[in-house]
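# Structural description and commentary
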Number of protein chains: 2
Amino acid sequence: MPNPIELAPWRSPLSRALHRNRSQMHCRFFQLATVTPEGLPTNRTVVFRGFVEQTNYLKIITDRRSQKIEHLASHNQAEIAWYFTKTREQFRLAGTIEMVNADDLESDFFQERQQTWETISDSARSQFAWPSPTAQRNINSDDFNVETSSSKSPLDSFVLLIFQPHTVDHLELRGNPQNRFIYKLSSSQEWKNTEVNP
Amino acid sequence: MPNPIELAPWRSPLSRALHRNRSQMHCRFFQLATVTPEGLPTNRTVVFRGFVEQTNYLKIITDRRSQKIEHLASHNQAEIAWYFTKTREQFRLAGTIEMVNADDLESDFFQERQQTWETISDSARSQFAWPSPTAQRNINSDDFNVETSSSKSPLDSFVLLIFQPHTVDHLELRGNPQNRFIYKLSSSQEWKNTEVNP
């Protein structure tokens, strides 16, 4: 595991946003932009699976057969746009993504992959045994009726993504004028905060 | 103006989603991914300003001083991720963006820019007279108290973006299993629809 570090200064406003919007399940959904091997932008909604303890790294899970895996293999940079509908504020997080697969035994996050598998719901787990995403639709609905156990090793298709932010842009639309703060991780791994025009 | 065309087949499920989610103001917000000149993904929440009449083109407005203008000048490709929280469905729209500026007198969409300026709220218009976005915060709050008129020409900082989709990926999370449809615009400008695995 990486050394324990101090919580970044953007963790406090982000925790506050998660708390204030907690009545809305979708407050844990955000949009993840990546780039294809050809350099084209792509974007999709994913679920926030919490932070890796003692770090500022966000966890996301995905299917090894999904297109974003191919994108991340060629460009490991990504940007999250996370809009909180109740409090009307946005966090944009730019950073790099480390993929943790079944055969990444040497990864700092190999245990984290196992633990994350155990915490997700039965229905979330079963999706990793579904037929290939974006392939022509399987007609037999039994193909989607599969059970997977939390106590076993995660399926090979289960990939843990570790998002490691280097820039966070926090915009509060409710202020008049609006408030905007940019946090940047310096080369000495310190977070610097600037207040900017919205 | 381009020739009037038939509504694309994804317009009907999108209209239905907008209708069913209309009680939530944020149903008109989506996330727009672009690529920086250096090839890095970027992502932010923007507001859907309707379709250009008689076309399948979506309207977005932005400030000429915003970073996405620089991104789009180098790569005009973008992808929208549009998640509807009430009906739990996502539309991903990939396409190209045409920018319409104050000096684009020859643009097919020059009048559309004027008309869109007239339809937005006073507070939305005034933001185009605010100090430069992402510059160090202006201390004088009077700098943000500006009035702009709908009857005058749009401010030079006002840019209309015309998003022209070529691929639409519609995912309905509520099905069991989920439903997913991919629409692609062929080289003969026809939309083809395929049902795929979620």
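Above: the structure in question.
This report concerns the structure included in the present document. Note that this is a predicted model, so its numbers are computed, not measured.

What counts and what doesn't
- Residues numbered from 1 in each chain as written.
- Chains lettered and ligands numbered in written order.
- Predicted model: local features only at pLDDT ≥ 70, side-chain atom pairs only at ≥ 80, totals over all residues.
- Heavy atoms only, no water.
- Phe/Tyr/Trp six-rings, centres within 6.5 Å; stacked < 30°, edge-to-face > 60°.
- Helix = DSSP H or I, 4+ residues; strand = E, 2+ residues; numbered from the N terminus.
- Buried < 20%, exposed > 50% of the residue type's maximum accessible area, 1.4 Å probe, protein only.
- Lys NZ or Arg CZ within 6 Å of the ring centre and 35° of its normal.
- Contact = heavy atoms within 4.5 Å.
- Buried area = accessible area lost by both parts, 1.4 Å probe.
- Salt bridge = Lys/Arg side-chain N within 4 Å of Asp/Glu carboxyl O.
- Polar contact = N/O pair within 3.5 Å; in protein donor to acceptor, adjacent residues only side chain to side chain.
- Nonpolar A, V, L, I, M, F, W, Y, C, P; charged D, E, K, R; others polar.
- Least-squares fit on C-alpha atoms with pLDDT ≥ 70 in both.
- Pairing = 2+ DSSP bridges.

It is worth spelling out the packing of aromatic side chains at this point. One pass over the structure, following the stated rule, counts 28 aromatic pairs over all chains. When the centroid spacing of 5.6 Å and the interplanar angle of 75° are considered together, the rings of Trp10(B) and Trp191(B) count as edge-to-face. You can see Trp10(B) sitting in the segment before helix H1 (11-20) and its partner Trp191(B) sitting in strand E8 (residues 191-196), a full 181 residues away along the chain. Overall, the relative accessible area of 0% leaves Trp10(B) in the buried class. Taking relative accessible area as the criterion, Trp191(B) reaches 18% and is therefore assigned buried. Through a chain of ring-to-ring contacts, the aromatic side chains of Trp10(A), Phe30(A), Phe48(A), Phe51(A), Trp82(A), Phe84(A), Phe91(A) and Trp191(A) assemble into a single cluster. When the ring centre of Phe51(A) is taken as reference, the NZ or CZ atom of Arg11(A) above it lies at 3.5 Å.

Time to look at the environment of Leu72(B). Residue and element names in this part refer to chain B. With respect to the helices, strands and loops of the structure, Leu72 is situated in helix H2 (residues 67-74). Distance from Leu72 to Val35, taken between C-alpha atoms, is 7.5 Å for residues 37 residues apart in sequence. Not counting residues within four places of it along the chain, the set of residues in contact with Leu72 comprises Thr34, Gln77, Ile97, Met99 and Leu161.

In this complex, chain B contributes 46 residues to the contact, which on the side of chain A involves 46 residues. Both faces combined, the contact of chain B with chain A buries some 3900 Å², and carbon together with sulfur accounts for 56% of it. A per-residue breakdown of the area chain B buries against chain A is headed by Asn43(B), Arg137(B) and Asn197(B), which together make up 20% of the total. Seen at the junction of chain B and chain A, the total is zero salt bridges. Applying the counting criterion to the chain B and chain A interface returns 23 residue pairs in polar contact (both at pLDDT 80 or more). Elements with a minimum of two residues in the side of chain B that touches chain A: strand E1 (29-35), strand E2 (41-47), strand E4 (77-84), strand E5 (89-100), strand E7 (179-185) and E8 of chain B. Grouping the constituent residues of the side of chain B that touches chain A by class yields 19 nonpolar, 20 polar and seven charged.

On to the relation of the copies chain B and chain A, then. When chain B is fitted onto chain A, the two copies agree to an RMSD of 0.0 Å after a turn of 180° and an axial shift of 0.0 Å. Taken together, the turn and the small shift mark the pair as related by a two-fold rotation axis. When the interface residues of chain B are mapped onto chain A, 100% of them again fall at the interface, so both copies present the same face.

What follows is about the side chain of Arg92(A). Mapped onto the fold, Arg92(A) is located in strand E5 (residues 89-100). The residues contacting Arg92(A), other than those within four sequence positions of it, are Glu79(A), Ile80(A), Thr167(A), Val168(A), Asp169(A), Arg180(A), Thr42(B), Asn43(B), Arg44(B) and Gln67(B).

What follows concerns the pairing of strand E6 (residues 158-172) of chain B. Residue and element names in this part refer to chain B. Counting buried residues in E6 gives 13 out of 15 residues, a clear majority hidden from the surface. Taken together, the six bridges between strand E3 (residues 58-63) and E6 define a ladder with antiparallel strand orientation. Across the sheet, Ile60 pairs through a bridge with Leu161, a residue of E6. As paired strands, E5 and E6 are joined by twelve bridges and run antiparallel to one another. Its bridge partner being in E6, Phe91 is matched across the sheet by His170. As paired elements, E6 and E7 share six bridges and run antiparallel to each other. Along E7, the bridge assignment pairs His170 with Phe181. Count of turn residues in the E6/E7 antiparallel hairpin: six residues.

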